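Single-letter residue listing:
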Amino acid sequence: MYRFLLTPRWWGINIFVVLAIPFCIFMGSWQLGRFEDRVQDHESAKEQVAEQAADARGGADGRPLASLLPVDKETSGEQATATGRYGTQLLVPDRKLDDKQGFYVLTLLRTDDGKSLPVVRGWLPGDASAAKAPAAPKGKVTVTGALQASESPGSNGVSAAGGLPQGQLGAISSASLVNLVRDDVYDAWITLDKADSGMKAVPATAPNNTGLDLKAFQNLGYTGEWFVFAGFVLFMWFRLFRREAEVARDARLGLLTESQA
């Protein structure tokens, strides 16, 4: 009754099923592993940020900026120190703090090596206004704050909107600043532990690619898709097998019409 399984057609079908199901299970397991890795990175990043915030509150000494560059998952959030003179000041609008809308006050610190470091000196509520932003200290200063990687527009709450007024900046990054200032700019920035002139300090954020973002949930979605594919392959094999078995049974019993045969 099941001799049809020995035909070349069914040999091909069976080989496909034998290969497809383990492949789908492997790919689903791999995507699930990627999701679990992202969850672990997220938890580790939260712990890292909490520890670094505790260090900042405890007055931990910062390390020289040069020793922490380039910024990576290990150095992001570390306390960094830099010495120089404040120069160009910019505003970063549409930034929330404590569920309130406001803006960052960012001032470029020109260091002794001739490069400028973006320094977020604090946050103020309301619409971005140069009149509200306090002027930066004069003369040579040494600043200490949490080191952060350059931002990407459209991620982690960073606005992707263009056409900002003069003196405003959407994303804190060297790529965004290259057309606004003449100095070379570090591919990093710091947020002061203690904000200047009545502003609120901006807390450090977790390193890039460590949050439960869209990519993480895409991995979870792909996991489900691969396991569904495996089930679908098995379902279609069973459906084809049952139909062939019924045809073979009907042929054996002489129930097939000439057109069906």
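The rules behind the values
- Residues numbered from 1 in each chain as written.
- Predicted model: local features only at pLDDT ≥ 70, side-chain atom pairs only at ≥ 80, totals over all residues.
- Heavy atoms only, no water.
- Helix = DSSP H or I, 4+ residues; strand = E, 2+ residues; numbered from the N terminus.
- Buried < 20%, exposed > 50% of the residue type's maximum accessible area, 1.4 Å probe, protein only.
- Contact = heavy atoms within 4.5 Å.
- Salt bridge = Lys/Arg side-chain N within 4 Å of Asp/Glu carboxyl O.
- Polar contact = N/O pair within 3.5 Å; in protein donor to acceptor, adjacent residues only side chain to side chain.
- Pairing = 2+ DSSP bridges.
- Phe/Tyr/Trp six-rings, centres within 6.5 Å; stacked < 30°, edge-to-face > 60°.
- Lys NZ or Arg CZ within 6 Å of the ring centre and 35° of its normal.
- Core = buried A, V, L, I, M, F, W, Y, C linked by side-chain atoms within 4.5 Å.

## Some thoughts on the overall build of the protein chain
Across its full length, the protein chain holds three helices and six strands. N-terminal to C-terminal, the α/β element order of the protein chain is α-β-β-β-β-β-α-β-α. Burial status across the protein chain gives 34% buried among its 261 residues. Residue pairs in contact within the protein chain that sit at least 24 positions apart in sequence constitute 69% of those at least 6 positions apart.

## Describing the pattern of salt bridges
For the structure shown, the criterion picks out six salt bridges. Arg9 is the partner of Glu244 in a salt bridge, and the nearest nitrogen-oxygen pair spans 2.7 Å. Placement of Glu244 in helix α3 (residues 214-252) and of Arg9 in helix α1 (residues 8-57) is noted, with a sequence separation of 235 residues between them. Relative accessible area serves as the criterion here: at 44%, Arg9 is assigned to the partly exposed category.

## Here we look at the side chain of Arg95
Within the fold, Arg95 resides in strand β2 (residues 79-97). Classification of Arg95 by relative accessible area gives buried; the value is 5%. A polar atom in the side chain of Arg95 sits 3.0 Å from the backbone oxygen of Gly170. If near-sequence neighbours (up to four positions away) are discounted, Arg95 is found in contact with Lys100, Gln101, Gly102, Phe103, Tyr104, Trp123, Glu151, Val158, Gly170, Ala171 and Ile172.

## Considerations on the pairing of strand β6 (residues 189-192)
Residues Trp189 and Thr191 line one face of β6 and the alternating positions Ile190 and Leu192 line the opposite face, and both faces are buried. The pairing of strand β4 (residues 116-125) with β6 spans two bridges and is classified as parallel. Across the sheet, the residue bridging to Val119 is Ile190, located in β6. The pairing of strand β5 (residues 140-148) with β6 spans four bridges and is antiparallel.

## Observations regarding the packing of aromatic side chains
Applying the stated rule across the entire model yields five aromatic pairs. Relative to Phe217, the ring of Phe35 lies with its centre 6.1 Å away and its plane at 55°, an arrangement referred to as tilted. In this pair, Phe35 is assigned in helix α1 and Phe217 in helix α3, connecting sequence segments 182 residues apart. For the ring pair Trp226 and Phe229, a centre distance of 5.6 Å and an interplane angle of 90° mean the geometry is edge-to-face. Of this pair, Trp226 and Phe229 both sit in helix α3, three residues apart, roughly one helical turn. One aromatic cluster is present, built from ring pairs that chain together Trp10, Trp237 and Phe241. A cation over a ring is seen here: Lys115 above Tyr186, with NZ or CZ 4.6 Å from the ring centre. Over the ring of Tyr86 we find Arg121, and its NZ or CZ is 5.8 Å from the ring centre.

## As for the nonpolar core
Nonpolar side chains tend toward joint burial in soluble globular proteins. Ranked by size, the top nonpolar core spans 17 residues in total, and within it Tyr86, Leu109, Leu117, Val119, Val143, Leu147 and Ile190 carry the most contacts. Excluding residues within four positions of it along the chain, Tyr86 makes contact with Thr107, Leu108, Leu109, Val119, Arg121, Ala136, Pro137, Val141, Val143, Leu192 and Asp196. Leu97, Tyr104, Val120 and Val181 belong to the second-largest nonpolar core, a separate cluster that totals 15 residues.

## A word on the pairing of β4
For β4, a buried count of nine out of 10 residues is recorded, marking the element as mostly surrounded by other parts of the structure. The sheet contact formed by strand β3 (residues 100-111) and β4 spans nine bridges and is antiparallel. Looking across to β4, one finds that Leu108 is bridged to Pro118. Between β3 and β4, which pair antiparallel one after the other, the connecting turn spans four residues, and Gly114 there sits at a positive phi close to 90°.

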